[in-house]
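Understanding the architecture of this molecule
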Amino acid sequence: MENTEFLRAISAIIKEEIKPITQRLDNMEKDIITIKSDMATKTDITRLENKIEQYGEVQPKAIYHLLQLTSKKVDNIHEDVKSLAEVTGEHEIKIRSLARRPV
C-alpha cells in the first residue's frame, strides 16, 4: 500500500508541475490560430498581384486617353481664341495682353 500512496503522491506532483506547461501550450496554440487567421494566403497574394498587374495595364491607357481629351480641348480653345482675335483685331488683343503683364 505504501507504494500505491507514493505513486499517487508523485502523480499529483507531476500533474501540478505539468499544469503551467499545458496552459502555456494552450496559449501558444491560440496565438498560432490568431496568426494563421491574420496571415495572407497564397491565394490572397496571387489575387493582389493580379489586381496590381491589371491596374498597371489600365492606368497608362486611362492617362493616354485623358491626355488626348485634354489636347483636343486645348486645340478647341486655341481655335476659339483665333476666332476672337479675328473679330476684335489681333493688335487690340496683343495690346491688352501686354497691358496686363507686370513690367
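**Quick word on the overall build of the protein**
When you go through the protein residue by residue, the secondary structure sums to 3 helices and 0 strands. Its helices and strands taken in sequence order, the protein reads α-α-α from the N to the C terminus. Here the C-alpha radius of gyration of the protein, 40 Å, is well above what a compact globule of 103 residues would show, namely 13 Å. Taken along the three principal axes of its C-alpha coordinates, the protein extends 125 × 35 × 15 Å.

**Remarks on helix α1 (residues 2-38)**
Two residues of an α-helix separated by three or four positions point the same way, owing to the 3.6 residues in each turn. Over its 37 residues, α1 runs 54 Å from end to end, which matches the ideal 54 Å to within 8%, given 1.5 Å per residue. At Ile18, α1 shows its strongest bend, of approximately 30°, with the proline Pro20 following within four residues.

**A look at the pattern of salt bridges**
Where charged atoms of side chains with opposite charge meet at close range, the side chains can pair. A full pass over the atoms with the stated rule returns 4 salt bridges. With a shortest N-O distance of 2.9 Å, Asp44 and Arg47 are connected by a salt bridge. Residue Asp44 and its partner Arg47 are both found in helix α2 (residues 42-88); the two are separated by 3 residues, about one turn of the helix. Judged by its relative accessible area of 26%, Asp44 falls in the partly exposed class. In this structure, Arg96 and Glu92 form a salt bridge, with 2.8 Å as the shortest nitrogen-oxygen distance. In this pair, Arg96 and Glu92 both sit in helix α3 (residues 90-100), 4 residues apart, roughly one turn of the helix. Take Arg96: its relative accessible area is 52%, and that puts it in the exposed class. Residue class for Glu92 comes out partly exposed when judged on its relative accessible area of 35%.

**Notes on α2**
Compared with an ideal rise of 1.5 Å per residue, which puts 47 residues at 69 Å, α2 spans 68 Å between its outermost C-alpha atoms and is within 8% of the ideal. Once α2 ends, the next one or two residues include Gly89, with phi positive near 100°.

**Digging into a nonpolar patch on the surface**
Together, Phe6, Leu7, Ile10, Ile14 and Ile18 make up a nonpolar patch on the protein surface, roughly 460 Å² of accessible area in all. Of note, Leu7 is situated in helix α1. Since its relative accessible area comes to 56%, Leu7 is described here as exposed.

How each quantity is defined
- Residues numbered from 1 in each chain as written.
- Predicted model: local features only at pLDDT ≥ 70, side-chain atom pairs only at ≥ 80, totals over all residues.
- Heavy atoms only, no water.
- Helix = DSSP H or I, 4+ residues; strand = E, 2+ residues; numbered from the N terminus.
- Rg over C-alpha atoms; globule rule 2.2 N^0.38 Å.
- Expected span 1.5 Å × (residues − 1).
- Bend = angle between axes of the 7 residues up to and from the residue.
- Salt bridge = Lys/Arg side-chain N within 4 Å of Asp/Glu carboxyl O.
- Buried < 20%, exposed > 50% of the residue type's maximum accessible area, 1.4 Å probe, protein only.
- Patch = residues over 30% accessible without salt bridge, like charges linked within 9 Å, V, L, I, M, F, W, Y side chains within 5 Å.
- Areas by Shrake-Rupley, 256 points an atom, 1.4 Å probe, with all protein chains shown as cover.

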